[in-house]
Amino acid sequence: MAGLGTYFRRLFYWSQREQRASELHDEVAQHIEEKTAANIATGMPAHEARQAAVRQFGNSLQVVEHSRDYWGFAWLEAFLHDIRFGARLLLKSRGFTMVAVAALALGIGANTAMFSVLNTVILRPLPFPEPQRLAVLQEVWKDHGSWAVSPPDFLDWRQQNRSFDGIFASNGGSWALSGGGEPRHVEGLQVTPDFLKVLGGQPLLGRGFVEEEGQRGHDHVALLSHRLWQQSFSADPSVVGKTLHLDREEYVIIGVMPADFQYPLRGSDLWIPLSFGPKVYSQRGAHWLSVVGRVKPGVSIAQASQDIAGLSRQFKQLFPNTNGKWDGEAIPLREALIGDVRPALLLLFGAVVCVVLIACANVANLLLARGKLREREIATRAALGASGLRISRQLLTESALLSLMSAALGVLLARWGLQLIVKLGPKDIPRLSQAGVDGWVLLFALCLALLTAFVFGLLPALRSARSDLHDFIKSAGRGSTGGRETHTLRSALVIAEVAGSLVLLVGAGLLIRSFARLQRVDPGFDPDHVLTFDISLPDVAYKTSAQMQAFWDEYFRRLESQPGVSSTGAIFPLPLSGDGFSGSYSLGGAPEDEESSMQERFASADYLRTMKIPLLRGRWFSAQDKLDAPRVLVASESAARRLWPGQDPIGQKIAFGARPGNEKVEGTVIGVVGDVHDFGLARNPIAVVYAPLDQVGLGDAWVVVKTSLPPSQVISGVRAQLRAIDPELTDAQMTTMDAVVSGSVSQRQFYMLMLGLFAGVAIALALIGIYGVIAYAVSQRTQEIGIRIALGAPRASVLAMVLREALGLVGIGLGCGLLVSLFLTRTLESLLFRVGQRDPMTLALVSAAIAVTALLAACVPAMRAMRVDPMVALRYE
Amino acid sequence: MARNRAADRSDMLPGTLDMLILKTLTRGPQHGYGIAQFIQQISDDVLQVEEGSLYPALQRLQIQGWVKSHWGTSPTGRRARFYELTAEGRKQLGIEETNFDRLIAAIGRVMRTV
C-alpha cells in the first residue's frame, strides 16, 4: 500500500512541518468556529455553544500532535534526536568521554592497522590473471628444506609434464646499468621466454620475449619495469628499440611492463632472458632456478603436484646420484609467497581482537558506572512513556556515537602506525610496503566501530532500560540490589580483562625470550665492525680468470692500505644473505656420473681471518693457492662429518662443478673450518665446501672489510680505491655484517615488537579497569568503612580489605588467563626458539608482573579508603 | 503507557473512518467540518465521529495519495482547507468497500447461525 509516492510525500510534509502545523491549528480553530456558529444557530447561548463545540471536537492539541506523526519518519526523527542528545551528553561528561575514546581509539586503531596489513599481504589476490592457477614447482631435499630446481630437471619437467599450460624458470640477478640516465645499480630477474605467457601480463609498450631469445646469442634483450622506465628513461614513449648496457654489455629494450605488474612481488627493475649453455645437462646437481607454472584449466594444483612428483620419481631412478634425495612438488604460488607469514600475521590479528575486546570491556564498565548516575533521567523518561526498546535504542545510539568518534581517532592512529610499519618493518614480508588506509580499511573501521558499540553498549543499555520506576523511588539512590548486581558485572568484566591481558603478555614474553635466545646464537663468524658490499665484474672487461685474479689482488692490496681497514676478504655468497649456491660433486675416485650436490662457497685467502671463523684442522687458503697451483678445498665441520665420517678429511679428493655449465674440477681438502649459520640463526648450519676465489675465477663476490674505525667512515675510502682500479665499477648493497645479521631476524623481531605493543596496551587498559572497579567498590562501601573505623578497626585493616578484594579479582583473572594461555600458546609454535610453549618462568614472571601492577593500581583507591573520615561517611547519603 | 492513536479511540472498527471520509468526498470537495457534519447527519447521528480524529485521518489519506487539498472559502465565508478525492483515492474506496462488505457479510453469517 505504501508506494514510493508515500515516502516522498512524507519527506515533503516533514520539510514543511512548521508551516503545516500552524495551518492545521488554523483549520482546527476554524472548524470549532463553524461548530460554535452552528450551535448558536440552534439556539444555544454563546459560551455554551463554544464549550459544546470544543467538547465535540475533542483534544485539539493532540489532534495536531497525531497529525504530525504522519509527517516524516518517526524513527528518523527519534534517531536524529538521540544523536543530538547523545552528543551533548558526551560533551558534558568530558572525563568519561576522554577515557572511553582513548581506550576505544587504541583498540580500533590497532585492529584497523592489522587489518590493513592482513588485507595487503594475505587477502589481496596476486596481481596476475587467474592467480589460483599459478603454482611454484620445487625440488625438496627432506632434511634441508625446499630448494631450487636444477636446469636439466626444469627442462625435463617442461617437456614431460601433462598438467601445465606452461612453466618458466627464473633467477635473480643484479647489474650495473648504464646508458639510461645516471649509471646505477639494478636488481632484476633472468627468466625463460614464456615468462609473460605463464604469468599472464601484457606489456604496456612493445612486446614480451619470444622463444628464440632464450638461446645464447639472441638473449641480449631487456623488458623494463614501469618503475625503471620512469626513473631512468623519463617515461620516454619511444624507448622500445633503444639500447642500454648491463655490466657494459649491450641490450636492446623490447618493451615496458605496466605499473601494476610485479614479479617477484617485492618488485624487479627489469627482466632479461635466461639462457642455458650447451652443457646444461651435465649440471643436474646444481639447483639454482625458481620455477613457476600455470596449470591447465580444470586441473587442480594437487593433481599437478602429483604429476611433477611422478616425474621426479623417474629422475630418481634414472639419475640416482644426483636426484636420489630430491622429491618434486608443486604448491600454489600464493602459499609459497605468504604461507610462511600467514600464521604469524593471523596471530597478531587475533591479539588485536583481544585488545579491542578488552577496550570494550573497559568502556562497558565505564557505562555501567555511569548508568547509576543516569538512573534518574532514565526513570523519568520511562515515566513519560518511553518503552524499554526506545530507551535501549537511545543508549545504543549514544554508544554508537562514542564508537564512531573513537573510530575516527583510531583511523588516524592506524595511519601513523602503518607508516611506521612500512618504514621500519621487515623487508621480507611480501607487499608489506603497500599497506595503508584505503577504502576497504575504512569500511572495516566503520563496521568495527558499530560492532564494538553493540558489544560494549548492549549490556549497560539493557540494564538501564530495565530500571523500574518504583525501585528508584524506593531506594535512596544507591545501595540498592541493582548496585550489587552492577558490581558483580563489573568485576566479571575486569576479570576477563585481566585474563585477556595475561594471555597476550604470556605470548609476548615467550617471543621476547625466544628472540633473546636467538640473538645469543653464535653465527659462526664475528660480524662486529665488518663492512660488506657486492662487486660484480662485467664479463666484457674481465673475461679470463687471470684478469679477475689480478683485480682482486690489486683491490685487496689497495684496501689494506686504507686507514681504518684491518683486513679484507671476499666471499660468494654472503652468509645470512638468503642466498645459497649449490653445485654437484663427486668424491675422489668415484666414476663420472656419480654426483650429489652440496652447498659451495668461494672465498679469498684473507676471508677466514677477517670474519674470525675458527680453523679446526689443517690450513686455510693462502697466497700459494693461485690459478695454476694444485686445486685445494676446505670443508666446514658438518661437510667433513657428512662426506668422510670417522675419517680424516685432510688429503681427501673431491670433484666440484665450479659454475653451472663448467666442468668439474678435482681438488684436495686441506683444512676444516667451523660451521657458519648460512641460512639463518634459527636453522642449523649446513654442510659447505669452500673453494679459493682465485682458482675458480669468480667475478661476482661480496667483499668483507674488517674496520678499526666505525664502518661507515671507511665507505668513501673503499669506493675511492675501487674507482682507482676501474672507474666504471660500482659497489652494490653496501651494508655492515651487523645489519645483515639483524636483518635475518627482522621478521621475528617485528612479531615480537608488535605482540609486545599489543600486550602493553592490553595490560594498561586492564589496570585502568581494575582501578575503576576498586574505586567504585570503595565509594559504594564508604558508609561501611566509616562504621568500621568508628568502631575501632585499624586503618591498615581497611587497606587490607580493599587490597584483598583487588587481589581476589586479579587472582581469578590470572587463573582463567593461565588456563586459556596453556591452550593458545601452541599457535606460537613456529615463532618460538628454544623456549617451551608452557615455559614456566615466563608464565610466573608475567603473572607476578600483572599481580604487582594491579595491586599498585588498586592502592590508590585503597589509600583513599584508609583516609575516610567516619563522621563524613556516616552522614553521607 | 502505550501511545494512543487517534484511530484507536474512535468508536468504530479501525480503518472505517478512512473509508467513510473517502466516501463522503465522492460527493465533491469538502472541508473538515463539512465532512464531520455529513457523516453525522447521513448516519442519523448513530456515528458520532469525534471530530478531532478526522484531521489525523485526513493527513494519513493525503500522505497515501488518496486525497488532495487546497485552501478555499467555506459556505459560511470562513477560510478553510478543502479536501478532494484523487483517482487513486477512488480506486482505494472501491477496494475498501469490497473488503468491508465481505467483513459484514461474514459477521452476519456467524451471527445468524443458531
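If you're wondering where the values come from, they're calculated on a predicted model, not measured in any experiment.

Draft legend 1. Broad picture of the overall build of chain A. The secondary structure content of chain A amounts to 29 helices and 22 strands. Here chain A has a C-alpha radius of gyration of 38 Å; the compact-globule value for 877 residues is 29 Å, and the former is much larger. For chain A, the spread of C-alpha atoms along the three principal axes comes to 135 × 80 × 55 Å. The burial tally for chain A puts 44% of its 877 residues in the buried class. Partitioning the intrachain contacts of chain A with sequence separation of at least 6 by distance along the chain shows that 82% fall at a separation of at least 24.

Draft legend 2. Quick peek at the overall build of chain B. Across its full length, chain B holds five helices and three strands. Expressed as a percentage of the 114 residues in chain B, the buried residues total 34%.

Draft legend 3. Layout of the domain arrangement of chain A. What the domain assignment lists for chain A is domain 1 (4-72), domain 2 (73-130 + 341-474), domain 3 (151-283 + 285-318), domain 4 (477-521 + 741-877) and domain 5 (538-728). Centre-to-centre separation of domain 1 of chain A and domain 4 of chain A, based on C-alpha positions: 64 Å.

Draft legend 4. How the structure looks around the nonpolar core. Residue and element names in this part refer to chain A. Counting residues in each nonpolar core, the largest one holds 111 residues, and the members touching the most others are V355, F758, A762 and I770. The biggest single contributor to this core is helix α25 (residues 746-780), with 18 residues. Residue assignment places this core across two domains, with domain 2 (73-130 + 341-474) and domain 4 (477-521 + 741-877) each supplying three or more. Excluding residues that lie within four positions of it along the chain, F758 makes contacts with A110, A351, V352, V355 and L504. Of all hydrophobic cores here, the second largest spans 63 residues; its members include L531, Y542, A570 and I670.

Draft legend 5. Molecular detail of the interface of chain B and chain A. Counting from both sides, the interface comprises 23 residues of chain B and, opposite them, 24 residues of chain A. Among the elements of the structure, α3 (32-42), α4 (54-64) and β3 (79-85) of chain B are those that each provide at least two residues to the side of chain B that touches chain A. Per-element tally for the side of chain B that touches chain A: the top contributor is α4 of chain B, with six residues. Residue composition of the side of chain B that touches chain A, grouped by class: seven nonpolar, eight polar and eight charged.

Draft legend 6. The arrangement of the sheet that holds strand β1 (residues 30-31) of chain B in detail. Residue and element names in this part refer to chain B. On the basis of which strands lie adjacent, the open sheet formed by three strands has the order β1-β3-β2 and antiparallel pairing. Edge positions in the sheet fall to β1 and β2 (67-73), since each of these pairs with one other strand and no more. One ladder, built from two bridges, connects β1 with β3; its direction is antiparallel. Directly across from Q30, in β3, lies its bridge partner Y83. Contacts from helix α2 (residues 16-25) reach β1, β2 and β3 within the one sheet, and its direction differs from that of β3 by about 95 degrees.

Draft legend 7. Summary view of unusual backbone geometry. All names here are of chain A. With an omega dihedral of -5 degrees, the bond running from Y263 to P264 counts as a cis peptide bond. You can see P264 is positioned in the loop between β8 (249-256) and β9 (270-273). One non-glycine residue, E130, lies in the positive phi region at around 45 degrees. The phi angle at D247 is positive, at roughly 50 degrees, despite the residue not being glycine. Along the chain, D247 falls in the loop between β7 (243-246) and β8.

Draft legend 8. Representation of the packing of α2 of chain B against helix α5 (residues 87-111) of chain B in the model. Residues and elements named next belong to chain B. The N-to-C vectors of α2 and α5 enclose an angle of 130 degrees; their axes lie 10 Å apart at closest approach. Judged by the angle between their axes, α2 and α5 are oblique. Where α2 crosses over α5, the handedness of that crossing is left-handed. Two secondary-structure elements touch here, α2 through T16, M19, L22 and K23 and α5 through G89, Q92, L93, E96, E97 and F100. Among the residues forming the contact of α2 with α5, the class breakdown is four nonpolar, three polar and three charged.

Draft legend 9. Structural view of the packing of helix α5 (residues 74-92) of chain A against helix α15 (residues 388-424) of chain A. All names here are of chain A. At their nearest, the axes of α5 and α15 sit 9 Å apart, and the two run at 60 degrees to each other. Put simply, α5 runs oblique to α15. As α5 runs across α15, the sense of the crossing is right-handed. Taken together, the residues of α15 that come into contact with α5 (itself represented by F79, D82, I83, G86, A87, L89 and L90) are R393, Q394, T397, E398, L401 and L402. Its residues assigned to classes, the contact of α5 with α15 shows seven nonpolar, three polar and three charged.

Draft legend 10. Representation of the confidence of the model for chain B. Residues and elements named next belong to chain B. For chain B, the average pLDDT comes to 82, and 87% of its residues sit at 70 or higher. Element-level mean pLDDT values for chain B span from 44 in helix α1 (residues 6-9) up to 91 in α5. Low pLDDT, under 50, characterises residues 1-10; the predicted model gives this stretch 18 contacts beyond four residues in sequence or across chains.

Draft legend 11. Spatial organisation of the pairing of strand β12 (residues 530-536) of chain A. All names here are of chain A. Burial runs high along β12: six of the seven residues are buried. Bridging between β12 and strand β21 (residues 700-707) involves seven bridges; their strand directions are antiparallel. Each residue of the ladder has a partner; that of L531, found in β21, is V705. Here β12 runs beside strand β22 (residues 731-736); their pairing, made up of four bridges, is antiparallel. When the bridges of β22 are listed, I535 appears paired with D731.

Draft legend 12. Main features of the environment of E88 of chain B. Residue and element names in this part refer to chain B. Its location among the elements puts E88 in helix α5. Note on E88: 14 C-beta atoms within 10 Å, which makes it partly exposed. Residues E88 and W66, 22 residues apart in the sequence, show an inter-C-alpha distance of 5.4 Å. Not counting residues up to four positions away in its chain, the partners in contact with E88 are G65 and W66.

Draft legend 13. Just the confidence of the model for chain A, in detail. Residue and element names in this part refer to chain A. Per-residue confidence for chain A gives a mean pLDDT of 85; residues scoring 70 or more make up 95%. Considering each helix and strand of chain A separately, the mean pLDDT is smallest for helix α17 (residues 469-474), with a value of 56, and largest for strand β10 (residues 290-295), with 93. Below pLDDT 50 for its whole length, residues 476-481 participates in four contacts with residues either more than four positions away or in separate chains.

Draft legend 14. Local environment of the environment of L246 of chain A. Residues and elements named next belong to chain A. Tracing the backbone shows L246 in strand β7. Put simply, L246 and V810 are 564 residues apart on the chain and 66 Å apart in space, counted from C-alpha to C-alpha. Every residue in contact with L246, bar those within four places of it in the chain, is listed here: W175, L177 and Y251.

Draft legend 15. Up close: the environment of L396 of chain A. All names here are of chain A. Note on placement: L396 falls in helix α15. The exposure class assigned to L396 is buried, which follows from the 22 C-beta atoms found within 10 Å. Separated by 292 residues in the primary sequence, L396 and L104 place their C-alpha atoms 16 Å from one another.

Calculation rules
Residues numbered from 1 in each chain as written. Chains lettered and ligands numbered in written order. Predicted model: local features only at pLDDT ≥ 70, side-chain atom pairs only at ≥ 80, totals over all residues. Helix = DSSP H or I, 4+ residues; strand = E, 2+ residues; numbered from the N terminus. Rg over C-alpha atoms; globule rule 2.2 N^0.38 Å. Buried ≥ 20, exposed ≤ 12 C-beta atoms within 10 Å, placed from the backbone. Contact = placed C-beta atoms within 7 Å. Domains from an automatic or database assignment. Core = buried A, V, L, I, M, F, W, Y, C linked by C-beta atoms within 7 Å. Nonpolar A, V, L, I, M, F, W, Y, C, P; charged D, E, K, R; others polar. Pairing = 2+ DSSP bridges. Axes fitted to C-alpha atoms, helices over the stretch in contact; angles between N-to-C directions. Parallel < 35°, antiparallel > 145°, perpendicular 65-115°, else oblique. Left-handed = near helix turned anticlockwise from the far one by under 90°. pLDDT = per-residue confidence, 0-100.

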